[in-house]
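Overview (structure and organization)
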Amino acid sequence: LIRSTEAPMPFELEYVFAAIDGGTEMTYHMAVKEFGGFFGKLADPLVVRLYQKDVRSNLENLKDLLEG
């Protein structure tokens, strides 16, 4: 479990690894706290999508990063 300590938007990220035929399957769950208030309600969905896109991109490149 990873928790943010200084991020502008607090989050928790949990990774789960499972052995599968010929490799490893990794799944993750991300929980993000809301900004709250009127502007937070408008910004929250956008910020969550940006975080998801960033995490997904990092995970897609993980093998190359680890082997490089």
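Calculation criteria
- Residues numbered from 1 in each chain as written.
- Predicted model: local features only at pLDDT ≥ 70, side-chain atom pairs only at ≥ 80, totals over all residues.
- Heavy atoms only, no water.
- Helix = DSSP H or I, 4+ residues; strand = E, 2+ residues; numbered from the N terminus.
- Rg over C-alpha atoms; globule rule 2.2 N^0.38 Å.
- Buried < 20%, exposed > 50% of the residue type's maximum accessible area, 1.4 Å probe, protein only.
- Contact = heavy atoms within 4.5 Å.
- Areas by Shrake-Rupley, 256 points an atom, 1.4 Å probe, with all protein chains shown as cover.
- Lys, Arg positive; Asp, Glu negative; His and termini not counted.
- Charge placed at Lys NZ, Arg CZ, Asp CG, Glu CD.
- Salt bridge = Lys/Arg side-chain N within 4 Å of Asp/Glu carboxyl O.
- pLDDT = per-residue confidence, 0-100.
- Pairing = 2+ DSSP bridges.
- Core = buried A, V, L, I, M, F, W, Y, C linked by side-chain atoms within 4.5 Å.

Check the secondary structure of the protein and you find 2 helices and 3 strands. For the protein, the C-alpha radius of gyration of 15 Å lies well beyond 11 Å, the compact-globule estimate for 68 residues. With the principal axes as the frame, the protein shows a C-alpha extent of 50 × 20 × 20 Å. Taken across its 68 residues, the protein has 12% of its residues classed as buried. Taking all contacts inside the protein whose residues are at least 6 apart in sequence as the whole, residues at least 24 apart take part in 28%. In the structure as shown, the protein presents an accessible area of about 5800 Å², 56% of it carried by carbon and sulfur atoms. Counting 7 positive and 11 negative side-chain charges, the protein places the averaged centre of each group 8 Å from the other.

Another aspect to go through is the pattern of salt bridges. For the coordinates displayed, the defined rule picks out 1 salt bridge. Of the charged contacts, one joins Arg3 and Glu12 as a salt bridge, the two residues approaching to 2.9 Å between their closest N and O atoms. Residue Arg3 is classed as exposed on the basis of its relative accessible area of 54%.

Okay, the confidence of the model for the protein next. Residues of the protein with pLDDT of at least 70 account for 91%, and the chain-wide mean is 82. Looking across the protein, the model is least confident in helix H1 (residues 37–60), with a mean pLDDT of 79, and most confident in strand S2 (residues 11–20), with 91.

Here we take up the pairing of strand S3 (residues 23–32). In this structure, S2 lies alongside S3, joined through 10 bridges in antiparallel fashion. Bridging from a neighbouring strand, Glu12 pairs with Ala31 of S3. Counting the residues between successive antiparallel strands, the hairpin from S2 to S3 contains 2 residues, one of them, Gly22, with a positive phi of roughly 75°.

As a further point, take the environment of Val16. The residue Val16 is located in strand S2 in this model. Considered as a pair, Val16 and Met30 are 14 residues apart in the sequence and their alpha carbons are 12 Å apart. In this structure Val16 touches Glu25, Met26 and Thr27, once residues within four positions along its chain are discounted.

It is worth spelling out the nonpolar core at this point. Counting residues in each nonpolar core, the largest one holds 6 residues, listed as Met9, Phe11, Leu13, Met30, Tyr51 and Val55. Secondary-structure elements contributing two or more residues to this core are S2 and H1.

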